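# Reading the structure
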Amino acid sequence: MKKSLGYLLILGVAGFLKTSSAFATNPLIMDQFTADPTARIFDGKIYVYPSHDIKAPPEYKGKPDWFVMEDYHVFSSDNLTNWKDHGKILSQTSVDWTDPTAYAMWAPDCVFKDGKYYFYFPAIAKPEGKNEGAEPKRPEFRIGVAVSDTPYGPFKPLTTYIQGVRGIDPNVLIDKDGTAYLYYSQGKIFVAKLKPNMTEIDGEPLTIDNLPTKGLLEGPFAFERKGTYYLTYPHVENKIERLEYATASSPMGPFKQAGVILDESESGCWTVHHSILDWKGQSYLFYHDRDLSPNFDKNRSIRADKLFFNADGSIQKVKPTLRGVGLVDAKSEIQIDRYSEKSAEGVAISFIDQANTHAGWKTSFNAANSWVRFNEVDFGRGAQKSVKVRAKSGTSGTLEIHLDKQDGPLLGRVKIDDATDWKISSATAKKIPKGVHDIFVTQTSGDAVEVDWVSFK
Ligand code: FUB
């Protein structure tokens, strides 16, 4: 997935315009760590509000090998493929009540009500206890609100946190009658009605009963569908978190446990945190894993995969993929290391640069007839004339790109000459179709071949 000089120049300009290095594939954001994604639709676009993991700076004095989070960015997309980074929308130093040395800006949410966008975020309050009581016993997580006229800010934080709420992972559901409910966690999951001003709770928070009593529960995300209220949450049933859900006929319950949405990550990432979004007739699960930091699961990356409901309203388990959910333009650099399927043997995926995982991955074809399938490539009107491959090979090798099936129409046969460094090889493209199709990339002969990307020009 290493990028050409031209691409890097575009990225440089795009960086100035605050477009992120982001892709249709998983993870969604490549140039920074992102976690705890809450996806919302505002003004016909998808906005994702993640938290922002960073590597500990020298001034960090907190718990070693722990989450280090100092600010939030927001990302938007109108096609699930191109994501725009709107930049920093809030930081620990711009909120009166947060401890500016805590690096604990954890999982946020954002909702729209009566012309304003309300951004809810947890953070550790200043030890002085400016807001409640003069002598707080220990640093505590509180939940704050910042308000904006647009989904991408600027967000103006309120000077104090929501009184009467202690915890993390705020999530707000606005019911059909306009009443807003704040869900959050602190060991258990709580719910409180919000006053119409969206910044105070109305009455005492309630503990949500009938949820698992053993193993951590956190990260609630609630939504309503066809009259059923779904409360979804990460839970440690075994060793690490998985996503489960419960249902009710009212936002405050009583809830009944209903099943598992996402199994524990194969990568071993201890946390998972999520949201569910309907976009153009399809539901999506946004969640995180540790794709860009396989050895440290406090530097996470957000992902999206399709989610399906059964006719009775139950949720099918989501299949996590590398391919993700966005259509990929045939003319772009198709990152086949984010494959949809691969041959049982002869294909390996690894980082292009172990020292800089943000540069992405490469696909190594190590045996004749090893292959990968990459779903949903958009050929548009189908006018592409050549197929290009950025690759290297010890001696030489040949790749064939076929349409839809491994033995489908041959789109191009590209000979990769002996090249110890990355080189772009090309061949004439044939039988290029119109519209959206899968491609199969197969190593048909020669020595092992490493591929960065494939593109149709
Ligand atoms: O990102 C920090 C914490 O990890 C979140 O608040 C939890 O939900 C877990 O994802």
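Data block above holds the structure.
This write-up is about the structure you can find in this document. Fair warning: this is a prediction, and the values are worked out from it, not measured in the lab.

Before going further, it helps to spend a moment on the nonpolar core. Counting residues in hydrophobic clusters, the biggest one holds 30 residues, and the most contacted among them are Ile401, Ile439 and Phe456. Per element, the largest residue contribution to this core is four residues, and it comes from strand S30 (residues 449–456). With residues up to four places along the chain from it excluded, the contact list for Ile401 reads Val387, Val389, Pro409, Leu410, Leu411, Gly412, Val414, Ile439, Phe440, Val441, Val454 and Phe456. Grouped together as the second largest cluster of nonpolar side chains are 19 residues, Tyr47, Tyr49, Tyr117 and Ala146 included.

Overall, antiparallel pairing links the three strands, which are arranged S17-S18-S19 in an open sheet. Where the open sheet ends on each side, the last strands, each with one partner, are strand S17 (275–279) and strand S19 (301–307). Put simply, the sheet's adjacent strands are angled 30 degrees from each other on average, direction ignored. Where S17 meets strand S18 (residues 282–289), five bridges bridge the pair, whose relative direction is antiparallel. Within S18, the residue paired with Ser275 across the bridge is Phe286.

So, on to the side chain of Ser455. Within the secondary structure layout, Ser455 lies in strand S30. Ser455 sits in the buried class, given a relative accessible area of 0%. In terms of polar contacts, Ser455 uses its side chain to reach the backbone carbonyl oxygen of Ser332, at 2.9 Å. A polar contact of 3.3 Å, which involves the side chain of Ser455, links it to the side chain of Lys457.

Overall, the coordinates contain 22 salt bridges when judged by the stated rule. Among the salt bridges present, the one from Arg166 reaches Glu140, with a minimum N-O distance of 2.8 Å. One end of the pair, Arg166, is in the loop between strand S8 (156–157) and strand S9 (168–174); the other, Glu140, is in the loop between strand S6 (116–124) and strand S7 (141–148), with 26 residues separating them in the sequence. Of the residues examined, Arg166 reaches a relative accessible area of 35% and is grouped as partly exposed. Glu140 sits in the partly exposed class, given a relative accessible area of 21%. Through salt bridges with shared partners, a single ionic network connects Asp36, Asp53 and Arg300.

Let us now look at the site of the ligand. What surrounds the ligand is the set Asp36, Phe67, Met69, Trp106, Ala107, Asp169, Glu218, Thr271, His273, His288 and Arg300. Asp36 is positioned such that a nitrogen or oxygen atom in its side chain is 2.5 Å from an oxygen atom of the ligand. For the ligand, an oxygen atom lies 2.7 Å from a polar atom in the side chain of His273. In the complex, 99% of the free accessible area of the ligand, which totals 270 Å², lies under the protein chains. Across the shell around the ligand, the residue classes break down as four nonpolar, three polar and four charged.

Counted according to the given criterion, the structure contains one cavity of 30 Å³ or more. Considered as a void within the structure, the largest cavity measures approximately 40 Å³ in volume. Lining the largest cavity are Thr38, Pro108, Asp109, Asp169, Pro170, Asn171, Pro220, Phe221, His273 and His274. For the lining of the largest cavity, a count of residues per class yields four nonpolar, four polar and two charged.

One number sums up the size of the largest pocket: a volume of about 1,100 Å³. As for the largest pocket, its lining consists of 42 residues, and the residues nearest its centre are Asp291, Arg303, Pro320, Thr321 and Leu322. If you list the elements that add at least two residues to the lining of the largest pocket, you get S18, S19, strand S22 (347–351) and strand S24 (371–378). Of all the elements, S19 adds the most residues to the lining of the largest pocket, at four residues. Looking at the lining of the largest pocket residue by residue, the class counts come to 15 nonpolar, ten polar and 17 charged. A domain-level breakdown of the lining of the largest pocket finds at least three residues from each of domain 1 (32–307) and domain 2 (328–456).

Reading the values: the criteria
- Residues numbered from 1 in each chain as written.
- Predicted model: local features only at pLDDT ≥ 70, side-chain atom pairs only at ≥ 80, totals over all residues.
- Heavy atoms only, no water.
- Core = buried A, V, L, I, M, F, W, Y, C linked by side-chain atoms within 4.5 Å.
- Buried < 20%, exposed > 50% of the residue type's maximum accessible area, 1.4 Å probe, protein only.
- Helix = DSSP H or I, 4+ residues; strand = E, 2+ residues; numbered from the N terminus.
- Contact = heavy atoms within 4.5 Å.
- Pairing = 2+ DSSP bridges.
- Axes fitted to C-alpha atoms, helices over the stretch in contact; angles between N-to-C directions.
- Polar contact = N/O pair within 3.5 Å; in protein donor to acceptor, adjacent residues only side chain to side chain.
- Salt bridge = Lys/Arg side-chain N within 4 Å of Asp/Glu carboxyl O.
- Near = heavy atom within 4 Å.
- Areas by Shrake-Rupley, 256 points an atom, 1.4 Å probe, with all protein chains shown as cover.
- Nonpolar A, V, L, I, M, F, W, Y, C, P; charged D, E, K, R; others polar.
- 1 Å grid on protein atoms, 1.4 Å probe; cavity = no way out; pocket = protein on both sides within 12 Å on 5 of 7 lines; lining within 4 Å.
- Points joined across faces, edges and corners; volume = space filled by probe spheres on them.
- Domains from an automatic or database assignment.

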